[in-house]
Amino acid sequence: MAEPTETEAKPTRAYVIHPDLAGRTQRREPEHALAEAVALAHALPGIEIAGDEVARLRKPDAGRLFGKGKLAEIGERLKDAEVDLVLVDGPVSPVQQRNLEKDWGVKLLDRTGLILEIFADRARTREGVLQVELAALSYQRTRLVRAWTHLERQRGGLGFVGGPGETQIEADRRAIDEQMTRLRRQLERVVKTRTLHRAARAKVPYPIVALVGYTNAGKSTLFNRLTGAEVLAKDMLFATLDPTMRAIRLPGANGGQGRKIILSDTVGFISDLPTELVAAFRATLEEVLEADLILHVRDISHPETEEQAADVAEILESLGVDEDVALIEVWNKIDALSADTRAALRRTDARTQGIQAVSALSGEGLDDLIAAIDAHLSEALDEPKTEAVVTLPFSDGRRRAWLHESGVVQREESGENGLTLHLLWTDRQKAGFDALSAPDQDDDA
Ligand SMILES: Nc1nc2c(ncn2[C@@H]2O[C@H](COP(=O)(O)OP(=O)(O)OP(=O)(O)O)[C@@H](O)[C@H]2O)c(=O)[nH]1
Ligand SMILES: [Mg+2]
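Residues numbered from 1 in each chain as written. Chains lettered and ligands numbered in written order. Predicted model: local features only at pLDDT ≥ 70, side-chain atom pairs only at ≥ 80, totals over all residues. Heavy atoms only, no water.

## Comments concerning a negative patch on the surface
A cluster of acidic residues, Glu317, Asp322, Glu323 and Asp324, forms a negative patch on the protein surface. The partly exposed category is assigned to Asp322, whose relative accessible area is 46%. (Patch = residues over 30% accessible without salt bridge, like charges linked within 9 Å, V, L, I, M, F, W, Y side chains within 5 Å. Areas by Shrake-Rupley, 256 points an atom, 1.4 Å probe, with all protein chains shown as cover. Salt bridge = Lys/Arg side-chain N within 4 Å of Asp/Glu carboxyl O. Lys, Arg positive; Asp, Glu negative; His and termini not counted. Charge placed at Lys NZ, Arg CZ, Asp CG, Glu CD. Buried < 20%, exposed > 50% of the residue type's maximum accessible area, 1.4 Å probe, protein only.)

Structure representation (structure tokens):
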């Protein structure tokens, strides 16, 4: 562990700015984007938020990002709030960064820089550390190139190529390239070992179920609920970085034995995820690519849940996740919704296959989710099925719902004695149903 530094003893006072460009085509409200940037800042250790603001920009200034007036105005606020670190929620060029740091007398990080810092702080496994280092180097490298262009321009007009400046930067660049090659080789070795483990695991034919979703959606909380594990789940962005996998037996109906699966918890996604990071984490996310079933966990109580879902879909696509991979949308945090919204969700949930409304916190809806996971897997794994006919009394809404949830109902008729359901199911699903108690027995309890 590193020795405690001064920054750990005394919190760094950070000021968060979300630049809102005129004519922007973003999906998000600037106020929500600012709130997310502040949450990101909180994810850095030893940070105290001294203030935040949305800064409207008509046109970004090449040298300082902000225009003269804005620059002075923000500068005043920074001085009053005794700010050490400014976090700009967007891209800042190396030139802009240098100028702003000088003008304001602060240290400055842009969005990518901030996310890289958080990831560097979180990485625990060898693979995670290597990936973050690689991403950081690739970020630095692009900034060297841009700095170099700037120097060239400063020298401009002299018309010669290759002064001392260029040589130095060329050397820096080469050093970075060499270091990156070394890291890549090490990473390949680590990944190879892991792939071997995976091959060994493939002999035990448990299907892989991967949890994916926006950061803070509740993936780890759900993972812990389903596995009894204690992965850190926290109201903090990027609480999870390294993937965790667990072989578990899904609880069967009524305490019976369910199917064995491997559940995998992964790093959360975020809008404008730096491309360096997406590339670096591709190896880790291979488990997601190979999953038999993906659970897309959504925070349905978040004001921008739709935008978050769109970001996740985009990132999955860019990772090359096949559109035909079986996917269940898990609408999490329904406990945080009003009763009305919740009832409406429940109706959508029942109508729409492939959506499950749950609360990982209270456990609500998890039985149905487990039944849906089981049904999707038997579908994906192509297990043999047989036909059956059952008749349920009208009062037995629970077992009827279970059958529908499991996706085994082919046809339903109502007769004098109740509902007759024509089913197509696997032995496992039949056993699960048989283990459910009939309504009268429930009432006795
Ligand atoms: N109200 C409510 N809060 C929840 C629920 N599930 C998770 N949370 C909270 O949401 C926060 C984030 O949960 P995590 O499980 O760490 O989320 P995550 O998706 O793993 O986040 P990252 O690892 O950062 O990507 C925590 O404060 C949880 O307690 C839920 O069903 N209801
Ligand atoms: Mg997590």
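We are not done yet, so read on.
## Points about the site of ligand 1
Surrounding ligand 1, one finds 22 residues, the nearest of these being Lys219, Thr221, Ala239, Thr240 and Asp335. A distance of 2.7 Å is found between an oxygen atom of ligand 1 and a side-chain nitrogen or oxygen belonging to Lys219. Calculation on ligand 1 without its partners gives an accessible area of 650 Å², and the protein chains cover 89% of this total. The dominant element in the shell around ligand 1, judged by the number of residues it contributes, is helix H8 (residues 219–227), at three residues. Partitioning the shell around ligand 1 into residue classes produces eight nonpolar, nine polar and five charged. (Near = heavy atom within 4 Å. Polar contact = N/O pair within 3.5 Å; in protein donor to acceptor, adjacent residues only side chain to side chain. Helix = DSSP H or I, 4+ residues; strand = E, 2+ residues; numbered from the N terminus. Nonpolar A, V, L, I, M, F, W, Y, C, P; charged D, E, K, R; others polar.)

## Things to note about the pattern of salt bridges
One pass over the full model with this rule turns up 23 salt bridges. When the shortest N-O distance is used, the salt bridge between Arg411 and Glu413 registers 2.5 Å. By relative accessible area, Arg411 is classed as partly exposed at 43%. Look at Glu413 and you get partly exposed, because its relative accessible area is 35%. Salt bridges sharing common partners tie together Arg28, Glu36, Asp89, Arg111, Glu304 and Asp311.

## As for the confidence of the model for the protein
Averaged over every residue, the pLDDT of the protein is 82; residues scoring 70 or more account for 82%. Throughout residues 145–163 the model reports pLDDT below 50, and contacts reaching past four residues in sequence, or to other chains, amount to 14 contacts. (pLDDT = per-residue confidence, 0-100. Contact = heavy atoms within 4.5 Å.)

## Observations concerning the nonpolar core
Judged by nonpolar contacts, the single largest core of 48 residues is most densely connected at Leu40, Leu87, Ile118, Phe119, Phe238, Ile270 and Val288. Ignoring anything within four residues of it in the chain, the contact list for Leu87 reads Ala14, Tyr15, Val16, Ile17, Ala41, Leu109 and Leu114. Counting residues in hydrophobic clusters, the runner-up holds 23 residues, among them Val209, Ala217, Leu295 and Leu377. (Core = buried A, V, L, I, M, F, W, Y, C linked by side-chain atoms within 4.5 Å.)

## Quick notes on the pairing of strand S13 (residues 419–425)
The element S13 is extensively covered by neighbouring structure, given that six of its seven residues are classed as buried. Relative to S13, strand S11 (residues 386–392) runs antiparallel, the two being bridged by seven bridges. Counterpart to Val390 in the pairing with S13 is Leu421. As paired elements, strand S12 (residues 409–414) and S13 share five bridges and run antiparallel to each other. Counterpart to Glu412 in the pairing with S13 is Leu421. (Pairing = 2+ DSSP bridges.)

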